[in-house]
Amino acid sequence: MIDVTVENFEAEVVAASMDVPVLVDFWAPWCGQTKSLGPVLEKLETEYAGRFKLAKIDSDQEQQLAGMFGIRSIPTCVLLMNGQPVDGFMGALPEGQVRAFLDKHVPTEDQLTAEAEEEEAFEALAEGDTDTALEKLQHAVVTDPANDDARFDYVKLLLQLGREDDAKVAFAPVIAKAPGSRKLGALKTWMDAIDFVALSAYGESAGADFDAKIAASKRDFDTRYARARWLMARQRWTDAMDELLEILMRDKAWGEEAARKTYVAILEIIEPPKVKVADGQIPPDDPVVATYRRRLSSVVLS
């Protein structure tokens, strides 16, 4: 619990809410209800062990802040997440109702554990320790099965390591969500390409066969698309996007926009995790991803 003033509001409430939900309690020393609600909030902050932060604002002393939030009744609690108010309540609610309010928004212990495991996995990957990264991501998925970001990273790493069967098993619980999810849809596109190459028996020599057919007809989009998927299966991402651009430059709508959709899926797959930067700074874009995004925009908008 922290007492908030105009001077520390930005740091202790707005900035802090980018990392953890912040519950702002507007109170006043003359209000009897605040005396019953305050201990409940402080007890829950301790019990939730860092899953939310309690910030208390004396509305008499900090009228500017109370006015900013349009406070008309004391006590009033406002929950901020990612710098924005998302919910709130007025009056001295009993502990059970406050707990129910928090549970609608505050991450569970399992969610926090999974997020920590994912961060540790990225650190292991940065050090080249794929075994530890895989173990951490697997544990994150088991701990919080609803964490699609962790599952994306886990399945992606399995595919990168050539463990397609394990990837399919890990992906199966969310396969129905793939059409409506950019990340999961990208994984499905990659796995479909791997299956396509396997079923078509395209081996090492397939590249020469593709090149010969394309040389004979530059508008042989079926062959170009097959070549792009073959390159995807081999994780030759920029080569695959170059081939897809060749289709897009000649026919943007070919195959119900299959080339564009596959290109976008590859961008999603190769996008590295955003590095942590100081507050107020923007993480730098990956140069390869940024370059190929510009190329896609140039072709699609031309």
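Analysis parameters
- Residues numbered from 1 in each chain as written.
- Predicted model: local features only at pLDDT ≥ 70, side-chain atom pairs only at ≥ 80, totals over all residues.
- Heavy atoms only, no water.
- Buried < 20%, exposed > 50% of the residue type's maximum accessible area, 1.4 Å probe, protein only.
- Helix = DSSP H or I, 4+ residues; strand = E, 2+ residues; numbered from the N terminus.
- Pairing = 2+ DSSP bridges.
- Right-handed = clockwise from strand over helix to strand, strands pointing away.
- Contact = heavy atoms within 4.5 Å.
- Axes fitted to C-alpha atoms, helices over the stretch in contact; angles between N-to-C directions.
- Disulfide = S-S within 2.5 Å.
- Salt bridge = Lys/Arg side-chain N within 4 Å of Asp/Glu carboxyl O.
- Patch = residues over 30% accessible without salt bridge, like charges linked within 9 Å, V, L, I, M, F, W, Y side chains within 5 Å.
- Areas by Shrake-Rupley, 256 points an atom, 1.4 Å probe, with all protein chains shown as cover.
- Lys, Arg positive; Asp, Glu negative; His and termini not counted.
- Charge placed at Lys NZ, Arg CZ, Asp CG, Glu CD.

**What to know about the pairing of strand E2 (residues 22-27)**
So, step 1. For E2, the buried fraction is high: 5 of the 6 residues fall into the buried class.
So, step 2. Bridge count between E2 and strand E3 (residues 53-58): 6 bridges; the pairing is parallel. In the sheet register, Asp 25 faces E3, and the bridge partner there is Lys 56.
So, step 3. You can see the chain leave E2, run along helix H2 (residues 32-48) and come back into E3, and the turn it takes is right-handed.

**Digging into the sheet that holds E3**
So, step 1. Taken in spatial order, the 5 strands make up an open sheet running E1-E3-E2-E4-E5, and their pairing is mixed. If you trace the sheet from one side to the other, it starts and ends with strand E1 (2-3) and strand E5 (84-90), each paired once.
So, step 2. Pairing analysis gives 2 bridges linking E1 to E3, with the strands arranged parallel. Bridge assignment links Asp 3 to a residue of E3, and that residue is Lys 56.
So, step 3. Of the strands in this sheet, E2, strand E4 (76-81) and E5 touch helix H4 (residues 95-103), which is tilted by about 165° from E5.

**Concerning the state of the cysteines**
So, step 1. Within this structure, the stated rule accounts for 0 disulfides.
So, step 2. There is no disulfide at Cys 31, and the cysteine sulfur nearest it, in Cys 77, is 11 Å away.
So, step 3. Take Cys 31: its relative accessible area is 6%, and that puts it in the buried class.
So, step 4. A residue is classified by how much of its surface remains accessible, and Cys 77, at 0% relative accessible area, is buried.

**Quick word on the pattern of salt bridges**
So, step 1. Applying the stated criterion across every chain yields a total of 23 salt bridges.
So, step 2. A salt bridge links Arg 224 to Glu 243; its shortest N-O distance comes to 2.4 Å. With Arg 224 in helix H11 (residues 221-233) and Glu 243 in helix H12 (residues 237-250), this pair connects stretches of sequence that are 19 residues apart. The pair formed by Arg 224 and Glu 243 is uniform in burial state, with each residue classed as buried.
So, step 3. The shortest N-O distance in the salt bridge between Arg 236 and Asp 239 comes to 3.1 Å.
So, step 4. Residue Arg 236 is classed as partly exposed on the basis of its relative accessible area of 33%.
So, step 5. Classification of Asp 239 by relative accessible area gives partly exposed; the value is 31%.
So, step 6. One salt-bridge network, held together by shared partners, links Lys 43, Glu 47, Glu 95 and Arg 99.

**Notes on a negative patch on the surface**
So, step 1. Taken together, Glu 115, Glu 119, Glu 123 and Glu 127 make up a surface patch of like negative charges.
So, step 2. Locating Glu 123 in the fold gives a position in helix H5 (residues 109-126).

**A few points about unusual backbone geometry**
Excluding glycine, residues mostly have negative phi values, and the peptide bonds linking residues are mostly trans.
So, step 1. For the peptide bond that leads from Ile 74 to Pro 75, omega is 0°, which places it in the cis range.
So, step 2. Within the secondary structure, Pro 75 sits in the loop between helix H3 (63-68) and E4.
So, step 3. A positive phi is found at Asn 82, a non-glycine position, where the angle reads about 55°.
So, step 4. Checked against the element boundaries, Asn 82 lands in the loop between E4 and E5.
So, step 5. Of the residues examined, Asn 82 reaches a relative accessible area of 53% and is grouped as exposed.
So, step 6. A positive phi angle, near 65°, is found at Glu 257, a position not held by glycine.
So, step 7. Among the structural elements, Glu 257 can be located in helix H13 (residues 254-270).

Worth remembering: the numbers are spatial, not functional.
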